[in-house]
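Spelled out, the chains give:
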Amino acid sequence: FVNVKGNGVVGPQFVSDYKGKFQNAQSEIADTLTNENQKRLFGQHAEVVGLQFQSQLLQHQAKQTVAFNATTRDNTITLGLNDIAAHPYDDSTYQTNQLLMGRTVVEAGKDMGLSGDALANFVRVGTTKLDSQALTYRASGMLLDNPMKAADFFHQHELEFDPQDRMRLAGTLKTAVDAQTSRVGGQQAYQAAVGTPNAAPLPSNLNADFVKPYDAGLIGKVVEQ
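A brief look at the structure comes next. Residue positions are counted from 1 within each chain, in the order its sequence is given. Two thresholds apply to this predicted model, a pLDDT of at least 70 for residue-level local features and 80 or more for giving and counting side-chain atom pairs, whereas whole-chain, interface and lining totals are computed over all residues. Side-chain measures here rest on the full set of heavy atoms in the structure, leaving out hydrogens and waters.

1. Focus on the overall build of the chain
Right, on to step 1. Along the chain, the regular secondary structure elements total 7 helices and 0 strands.
Right, on to step 2. Secondary structure is summarised from DSSP: a helix means a run of H or I of at least four residues, a strand means a run of E of at least two, and numbering begins at the N terminus for each. Of the regular secondary structure in the chain, the N- to C-terminal order runs α-α-α-α-α-α-α.
Right, on to step 3. Any residue under 20% of the maximum accessible area for its type is buried, any over 50% is exposed, and the rest in between are partly exposed; the area is computed with a 1.4 Å probe on protein chains only. Counting all 225 residues of the chain, 24% fall into the buried class.
Right, on to step 4. It only takes one pair of heavy atoms within 4.5 Å for two residues to be counted as in contact. Of the contacts formed within the chain by residues at least 6 apart in sequence, a portion of 62% connects residues at least 24 apart.
Right, on to step 5. For the accessible areas, the method is Shrake-Rupley and the probe is 1.4 Å, while residue cover comes only from the protein chains on display. Carbon and sulfur atoms make up 56% of the accessible area of the chain, which amounts to about 15,600 Å² in all.

2. Details of helix α2 (residues 36-86)
Right, on to step 1. Taking 1.5 Å per residue, 51 residues should reach 75 Å; α2 reaches 72 Å between its end C-alpha atoms and fits that length.
Right, on to step 2. Two or three places before asparagine 37, at the opening of α2, asparagine 35 has a side-chain oxygen 3.1 Å from that residue's backbone nitrogen. Each residue after the first adds 1.5 Å to the expected span of a helix. What qualifies as a polar contact is a pair of N or O atoms within 3.5 Å, subject to a donor-acceptor requirement within protein and to the restriction that residues adjacent in sequence count only when both atoms come from side chains.

3. Here's the deal with the side chain of glutamine 98
Right, on to step 1. The residue glutamine 98 is located in helix α3 (residues 91-111) in this model.
Right, on to step 2. Glutamine 98 gets classed as buried once you look at its relative accessible area, which sits at 16%.
Right, on to step 3. Leaving out residues up to four positions away in the same chain, glutamine 98 has contacts with Leu130, Asp131 and Ala134.

Structure representation (structure tokens):
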């Protein structure tokens, strides 16, 4: 059973199956014994070993269940943050994932055996960190779409970020906003210098020279001019 991990260990069926396998092995060995004295001694031995086996079985299940729950919580948080980044302007998506991720923090504290004030403090610290990560992913999603909107969002929630997240995101936003500002400024400067070209007027005489195909004579006039 020590090779069984993940969701294969979760639930009462795991213990039931392996206790059944142990009893089957016990019966097979007992059937090979030739007298009652052997069977009596073996029965006593099997009873002691059976208790040890069940204890180890339950310990393995407890350990693997904790590991499985931790992996499930990590996946919930990862999916939640990615969903927020994919829908940065959707408040409903943001609130729903915040709720789901907040529950994982409570479950983690309970798995650690915390209760009362210790659990409350653990949840407070954990959710504060998660809130910062959620805001970071949301701003990052906006950044891909519109750096200026992302910068506005960041400044509105600046004090809600964890110091490290705030510093890292501020640097990323500055780089993106500076690039956007330079690009827009360059376009405006170019248009101011060359002007915006007007649409060409429709010729009144469709037989005029400027709409005829270029032939040798027309090319000669162009070169002469």
